[in-house]
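Overview (structure and organization)
The chain contents come next:
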Number of protein chains: 2
Amino acid sequence: MAAQETIRVLVAEDHHVVRQGLVALLKVVQGIEVVGEAADGVEAIAQFRKCQPNVTLIDLRMPRLSGVEVIQRIRMETPQARFIVLTTYDGDEDIYRALQAGARAYLLKGMTTDDLVSTIRTVHAGKSHIPPAIAQRLAERVGTEELTPREFDVLEQIVHGHSNKEIATALDISEATVKTHINSLLGKLGVTDRTQAATAAIQRGIVPLESLRKPKP
Amino acid sequence: MAAQETIRVLVAEDHHVVRQGLVALLKVVQGIEVVGEAADGVEAIAQFRKCQPNVTLIDLRMPRLSGVEVIQRIRMETPQARFIVLTTYDGDEDIYRALQAGARAYLLKGMTTDDLVSTIRTVHAGKSHIPPAIAQRLAERVGTEELTPREFDVLEQIVHGHSNKEIATALDISEATVKTHINSLLGKLGVTDRTQAATAAIQRGIVPLESLRKPKP
DNA sequence: CCGAATCTCCACCCTTCGATGGAGAATTTT
DNA sequence: AAAATTCTCCATCGAAGGGTGGAGATTCGG
């Protein structure tokens, strides 16, 4: 494998430092060229159209449009587009949704340069590359039922520390109904009480940690 | 301010990509030179001794030795050392401990290049630089009591979703005692039930999210 | 159009949790 | 060494949470 074509890469990542790091790392690599950068989801789509990269490195959490949405939209017009998802924390939901949306690989930001480069090459070659630890977690997720919209509402309230009575008031339903939803979502999450539900929701990224900031002073 | 001496900077950060990004960003800045890099806490101390930087950029979460410990140790032998703390997520505890330990400034990884450069200059000039949002949170923290070791044990168990009975067994105390500790820590955290305690603990970084991975299959 | 599946809702019982009040041991202050 | 503070421990009681079973409403495929 001596003379092969250069892989065109687009870097979509809102953290300046990380984006610069990726660009700097890839600049010294033979056969890979960063042809575009984007700092949010909307920009990512625009840059994709303009640069026509072979592989797109994309952060899941970005302003304006999430990484998952970007992947979905781009794949509607360019189904063969290849994505490598970047994220700091490996929450279950993010992995699942991104891979569902068509991402071929998943990298944590703590990766090594070798990880990065070999993953780009692998994905460009049309193959997928899922780390064992993540593949396992993904497998565990199979068979896990989805939460209904209402159950999700209740879970969100639980994570925010509300009592059943408060939840009932907030959602304008009876307390008994709240309990039913809770019972149902406890089963689906595979936990036995509301505290476990709350930590599971945070850990899996079902309810974002940022939403916890005290909104009632 | 035309001709001023070059600021010598040490970058201590375990994420390769981020470290590379910082170095790349600073490389093009006049008057700032990266004189060393470190990928964990132990290395950070060694590099500090070797490079004698004016300012050290340091991540709080690092292998082997945490950023806070590194700051404490270095300041024992070099009290005038200046630190800028880096972190992805602005948890209360991290901020508090790092500033207690002697850090002069606090930067989120989503910062701009201007933020980075001006903060380095400010800190090198001997001043502190705390973002308003963080200063406010820090102020709120004043008057907040510390958790006792035992209360911390109980809180950790709560976050892991254990019932009072399970906690009693795990810590080898009576269930009634568990309740006392809970009552006490609820007050100190400013919350009203265990679920709020759990989310607060995670959000403030008192109990790390990583510790939630199922450890008993 | 009708059954099947699913979402949403509710009432009852029992367990667990949180509040309160208080006592002995350990640490620090004076 | 005595006093004061703080940590640790415990029992009882009302309130909140979770388990169970079932009913009306909605959506979907045959």
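The structure displayed is predicted, hence computed values, not measured ones. (Residues numbered from 1 in each chain as written. Chains lettered and ligands numbered in written order. Predicted model: local features only at pLDDT ≥ 70, side-chain atom pairs only at ≥ 80, totals over all residues. Heavy atoms only, no water.)

1. Considerations on the relation of the copies chain B and chain A
Rules: A least-squares superposition brings the copies together, and it is based on the C-alpha atoms of residues with pLDDT no lower than 70 in both. Contacts are assigned to residue pairs with any non-hydrogen atoms lying within 4.5 Å of each other.
When chain B is fitted to chain A, the best match, at an RMSD of 0.2 Å, comes from turning it 180° and sliding it 0.0 Å along the axis. Such a combination of turn and shift is consistent with a two-fold rotation axis. It is G21 of chain B whose C-alpha, among those of chain B, lies nearest the rotation axis, at 1.6 Å. Looking at the interface residues of chain B, 100% of them are also at the interface in chain A, so both copies use one shared face.

2. Focus on the interface of chain B and chain A
Stated formally: Put simply, a salt bridge is a Lys or Arg side-chain nitrogen that is within 4 Å of an Asp or Glu carboxyl oxygen. For the purposes of these results, a polar contact is taken to be a pair of N or O atoms within 3.5 Å, where, inside protein, one atom must be able to donate a hydrogen and its partner to accept one; residues adjacent in sequence count only when each atom of the pair is a side-chain atom. Here a strand is any run of E in DSSP of at least two residues, a helix any run of H or I of at least four, and the numbering for each starts at the N terminus. We call Asp, Glu, Lys and Arg charged. Ala, Val, Leu, Ile, Met, Phe, Trp, Tyr, Cys and Pro are nonpolar, and the rest, Gly among them, are polar.
The partner chain A presents 34 residues to the 34 residues of chain B that form the contact. For the pair chain B and chain A, the interface holds zero salt bridges. The interface formed by chain B and chain A includes three residue pairs in polar contact (both at pLDDT 80 or more). Where the side of chain B that touches chain A is concerned, the elements lending two or more residues are α1 (16-27), α6 (132-141), α7 (149-159) and α10 (194-203) of chain B. Broken down by element, the side of chain B that touches chain A gets its largest block of residues, eight residues, from α1 of chain B. Of the residues contributing to the side of chain B that touches chain A, the split by class is 13 nonpolar, 13 polar and eight charged.

3. Notes on the nonpolar core
What counts is decided by this rule: In this description, a nonpolar core means a group of buried Ala, Val, Leu, Ile, Met, Phe, Trp, Tyr and Cys residues linked to one another through side-chain atoms lying within 4.5 Å. Only protein chains enter the accessibility calculation, which uses a 1.4 Å probe; a residue whose area is less than 20% of its type maximum is buried, one above 50% is exposed, and one in between is partly exposed.
The biggest cluster of nonpolar side chains holds 44 residues, and the ones touching the most others in it are V154, L155 and V159 of chain A together with V154, L155 and V159 of chain B. Looking at this core, the elements that each hand over two or more residues are α7 (149-159), α8 (164-171), α9 (175-189) and α10 (194-203) of chain A together with α7, α8 (164-171), α9 (175-189) and α10 of chain B. Judged by nonpolar contacts, the second largest core, of 42 residues, contains V9 and L116 of chain A together with V17 and I32 of chain B.

4. Comments concerning the sheet that holds strand β5 (residues 105-108) of chain B
All names here are of chain B. As a reminder of what qualifies: Strands were regarded as paired on the criterion that DSSP finds at least two bridges between them. Angular values range over 0 to 180 degrees, each being the angle between N-to-C directions of two axes fitted as lines to C-alpha atoms, with helices fitted over their stretch in contact.
Read from one edge of the open sheet, five strands run β2-β1-β3-β4-β5, paired in parallel fashion. Of all strands in the sheet, those with a lone pairing partner are β2 (32-38) and β5, marking the two edges. Strand after strand, the sheet turns through a mean of 25° between neighbouring axes, direction not considered. By the bridge criterion, five bridges tie strand β3 (residues 55-59) to strand β4 (residues 82-87) in an arrangement that is parallel. The partner of D59 across the bridge, within β4, is L86.

5. Observations concerning the sheet that holds strand β5 (residues 105-108) of chain A
All names here are of chain A. With parallel pairing, five strands are arranged side by side in an open sheet as β2-β1-β3-β4-β5. Two strands close off the open sheet at either side, each with one partner strand: β2 (32-38) and β5. Direction aside, the axes of adjacent strands within the sheet are offset by 25° on average. Alignment of strand β1 (residues 7-12) against strand β3 (residues 55-59), held across four bridges, turns out to be parallel. For V11, the partnering residue across the bridge sits in β3 and is L57. Where helix α2 (residues 41-51) meets the sheet, it contacts β1, β2 and β3, and its direction lies at approximately 140° from that of β2.

6. Side note on the protein's contact with DNA strand D
How we decide: Proximity criterion: a residue is near a molecule or strand once any of its heavy atoms comes within 4 Å of it.
Lining the immediate environment of DNA strand D, one finds 16 residues, of which K179 and R194 of chain A together with T148, T177 and T180 of chain B sit closest. Each atom of DNA strand D within 4 Å of the protein was assigned to sugar, phosphate or base; sugar and phosphate come to 62%. Within the backbone of S174 of chain B, an N or O atom sits 3.0 Å from a phosphate oxygen of DNA strand D. For the surface near DNA strand D, the elements supplying multiple residues, two or more each, are α9 of chain A together with α9 of chain B. Residue contributions to the surface near DNA strand D peak at four residues, all from α9 of chain B. For the surface near DNA strand D, the class distribution of residues is three nonpolar, nine polar and four charged.

7. Looking at the packing of α7 of chain B against α10 of chain B
All names here are of chain B. To keep it simple, the criterion reads: Our angle categories are set so that under 35 degrees counts as roughly parallel, over 145 as roughly antiparallel, 65 to 115 as roughly perpendicular, and the remainder as oblique.
One way to put it is that α7 packs onto α10 with a least axis distance of 9 Å and a crossing angle of 100°. Judged by the angle between their axes, α7 and α10 are roughly perpendicular. Along its contact with α7, which presents L155, I158 and V159, the element α10 presents R194, A197, A198, A201 and I202. When the residues that make up the contact of α7 with α10 are grouped by side-chain class, the tally is seven nonpolar, no polar and one charged.

8. A few points about the packing of α8 of chain B against α9 of chain B
Residues and elements named next belong to chain B. Look at α8 against α9: their axes get within 8 Å of each other, and the N-to-C directions meet at 105°. The orientation of α8 with respect to α9, classified from their angle, is roughly perpendicular. On the side of α8, the interface is formed by N164, K165, I167 and A168, while α9 contributes E175, V178, K179 and I182. Here the residues of the contact of α8 with α9 sort into four nonpolar, one polar and three charged.

9. Remarks on the protein's contact with DNA strand C
T148, T177 and T180 of chain A together with K179 and R194 of chain B are the nearest of the 18 residues found near DNA strand C. Within 4 Å of the protein, atoms of DNA strand C come from sugar and phosphate in 63% of cases. A distance of 2.3 Å is found between a base nitrogen of DNA strand C and a side-chain nitrogen or oxygen belonging to T180 of chain A. R194 of chain B places a polar main-chain atom, nitrogen or oxygen, 2.9 Å from a phosphate oxygen of DNA strand C. Within the surface near DNA strand C, the residues separate by chemical class into four nonpolar, nine polar and five charged.

10. Describing α8 of chain B
A turn of α-helix holds 3.6 residues, and therefore any two residues three or four places apart point the same way. Residue and element names in this part refer to chain B. For the record, the criterion: Note that the arc is computed from the directions linking the helix axis to the C-beta atoms.
Here α8 has its buried residues at N164, I167, A168 and L171. Here the buried residues of α8 occupy an arc of 100° about the axis, which is enough to place them on one side. Residues K165 and T169 are exposed on α8 and point more than 90 degrees away from its buried face. Of the surrounding secondary structure, the elements contacted by the buried residues of α8 are α7, α9 and α10.

11. Focus on the packing of aromatic side chains
All names here are of chain A. This is how the line gets drawn: Aromatic pairing here means that ring centres of Phe, Tyr or Trp (its six-membered ring) are within 6.5 Å. Orientation follows from the plane angle: under 30 degrees is stacked, over 60 is edge-to-face, and everything else is tilted.
For the structure on display, the rule yields two aromatic pairs over all chains. Their ring planes at 20° and their centres at 6.4 Å tell us that F48 and F83 sit as a pair that is stacked. Separated by 35 residues along the polypeptide, F48 in helix α2 and F83 in strand β4 (residues 82-87) bring together distant segments of the chain. Just as F48 is buried, F83 falls in that class too.

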